[in-house]
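Next come the chains, spelled out residue by residue.
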Amino acid sequence: EAAVTQSPRNKVAVTGGKVTLSCNQTNNHNNMYWYRQDTGHGLRLIHYSYGAGSTEKGDIPDGYKASRPSQENFSLILELATPSQTSVYFCASGDINSGNTLYFGEGSRLIVV
Amino acid sequence: GDSVTQTEGPVTVSESESLIINCTYSATSIAYPNLFWYVRYPGEGLQLLLKVITAGQKGSSRGFEATYNKETTSFHLQKASVQESDSAVYYCALGDEGNRIFFGDGTQLVVKP
């Protein structure tokens, strides 16, 4: 069974602080993605990656950085967290061999106070 | 840019009634994007329901079906007879040539017993 694991699952951060959200996948998929989802809205793409060492900007990259040090790991970094970044963040890996079907983690709920 | 628009929820139907959730897409980066329906059941993570990667084809899963219509740029989700267990949030999504996946805002389906 494909597996994508996110940590932490819940986080309260202070404004101006640094936050790192981590994602690990055991699917051996090349593509990985970070989305955020705000209440009542769909998923918006922040950053994505085609493989180790690759990071690409999505639709809403401002205020976020990404790091893909290995095939398995993809991190989302908020250098200076702001209350507007309060959201639920989802990581996913993509299976190119099945039309890039995404496999999602369970989400990380971030509150910035 | 690429985008997806779907029926605004919540959609409430009675058990055994038919269902249609509309989805239309706009793809500027690719002529024939991959199209997906994802679902989030209560208490569960986001998962693939069905996908179609060839224009004109139909995908089906769990009694749901959707046909990729390139003329009307639509990918409506249909089911002939819904069950209470179909209550969930459904997301239409589009995959572009850069392997990015764009999601609609989601449609909450409530099935009354």
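Each chain has its residues counted from 1, following the order in which its sequence is written. Working convention: letters from A go to chains and numbers from 1 go to ligands, in the order in which they are written. Local features in this predicted model are restricted to residues of pLDDT 70 or higher, and side-chain atom pairs are both shown and tallied only at a pLDDT of 80 or more, whereas totals for entire chains, interfaces and linings draw on every residue. In computing side-chain values, all of the structure's heavy atoms are included and hydrogens and water are not.

J.: For this particular structure, what's the right way to read the sheet that holds strand 3 (residues 19–21) of chain B?
T.: Within a beta sheet, neighbouring strands are joined by backbone hydrogen bonds and run either parallel or antiparallel to one another. Residues and elements named next belong to chain B. Paired strands, in this sense, are two strands between which DSSP finds at least two bridges. Secondary structure follows DSSP: runs of H or I at least 4 residues long count as helices, runs of E at least 2 residues long count as strands, and numbering of each begins at the N terminus. An order of 3-9-8-7 is seen for the four strands of this open sheet, with the pairing classed as antiparallel. Of all the strands in the sheet, the pair left with one neighbour each is strand 3 and strand 7 (58–61). The sheet shows a mean angle of 20° between the axes of neighbouring strands, direction not considered. Bridge count between strand 3 and strand 9 (residues 77–79): three bridges; the pairing is antiparallel. By the bridge assignment, Leu19 is partnered in strand 9 with Lys79. Fitted lines through C-alpha atoms give the axes, limited to the stretch in contact for helices. The angle between two N-to-C directions lies from 0 to 180 degrees.

J.: Would you mind going over the interface of chain A and chain B with me for this structure?
T.: How big an interface is tends to be stated in terms of the accessible area lost upon association of its parts. Every residue pair with non-hydrogen atoms within 4.5 Å of one another is taken to be in contact. Taken together, the 20 residues of chain A in the interface contact 17 residues of chain B. Both sides of the chain A and chain B interface together cover about 1500 Å² of buried area, and 54% of this is carbon and sulfur. Buried area counts how much accessible surface, traced with a 1.4 Å probe, disappears from two parts once they are put together, with both parts' losses summed. Among the residues of chain A in contact with chain B, A:Leu43, A:Gly99 and A:Phe104 are the three that bury the most area, contributing 26% of the side total. The salt bridge criterion pairs a side-chain nitrogen of Lys or Arg with a carboxyl oxygen of Asp or Glu, the two atoms within 4 Å. Taken together, chain A and chain B are joined by zero salt bridges. Think of a polar contact as two N or O atoms within 3.5 Å of one another; within protein, one of them needs to be a possible hydrogen donor and the other a possible acceptor, and neighboring residues in sequence only count if both atoms come from side chains. On inspection of chain A and its partner chain B, the count reaches nine residue pairs in polar contact (both at pLDDT 80 or more). Mapped by element, the contributors of at least two residues to the side of chain A that touches chain B are strand 4 (31–37), strand 5 (43–49) and strand 10 (101–104) of chain A. Among the elements that line the side of chain A that touches chain B, the one with the most residues is strand 4 of chain A, at four residues.

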